[in-house]
Amino acid sequence: MEFQPAPPAGIVDMISDALGNAEKLPAALISSGISEAAAALALTIFKGPEGIFQHHGKAPFYLYYGILVAVMIFGFVEASAGMWVSRDLTNRRAAGKTMLWISILPLVLVTGLGGFVILKQ
């Protein structure tokens, strides 16, 4: 089974559309959060640390799993924030947009860890 952790193009399009249109913000937060958490969970279960995370002691091993657990937790928090924003979109739009901007870093981390795991040194 080949696992590709790169985010689908639809999620990236939803994020860019949501930054311009507040009506799409809750759906983008929920979809992005769930996809980040699912990608991190899949990497945790199906791919062990390889490449630069091997042969350098225990610290990179724990760092790999620590990053993935942090991204999973952030993904669930982001999806919950999407539900929270959807209840009062006019007053919570700024908080939702801030969460969406911050969510780009975990998305890059999961994609980067997946790419580094595939590349063996």
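Residues numbered from 1 in each chain as written. Predicted model: local features only at pLDDT ≥ 70, side-chain atom pairs only at ≥ 80, totals over all residues. Heavy atoms only, no water.

Draft legend 1. Broad picture of the side chain of Glu36. In this structure, Glu36 sits in helix 2 (residues 25-46). Dropping the residues within four chain positions of it, Glu36 is found in contact with Val71, Phe74, Gly75, Glu78, Ser103, Pro106, Leu107 and Val110. (Helix = DSSP H or I, 4+ residues; strand = E, 2+ residues; numbered from the N terminus. Contact = heavy atoms within 4.5 Å.)

Draft legend 2. Inspection of helix 4 (residues 89-102) at higher detail. The end-to-end C-alpha separation of helix 4 is 18 Å, in line with the 20 Å expected for 14 residues at 1.5 Å each. The largest bend along helix 4 reaches roughly 30° and is located at Ala95. Those residues of helix 4 not exposed but buried are Leu89, Gly96, Met99 and Leu100. (Expected span 1.5 Å × (residues − 1). Bend = angle between axes of the 7 residues up to and from the residue. Buried < 20%, exposed > 50% of the residue type's maximum accessible area, 1.4 Å probe, protein only.)

Draft legend 3. View of the environment of Gly96. Along the chain, Gly96 turns up in helix 4. Sequence spacing of Gly96 and Ala81 is 15 residues, and the spatial spacing of their C-alpha atoms is 7.0 Å. In contact with Gly96, not counting residues within four places along its chain, are Leu25, Leu29 and Val85.

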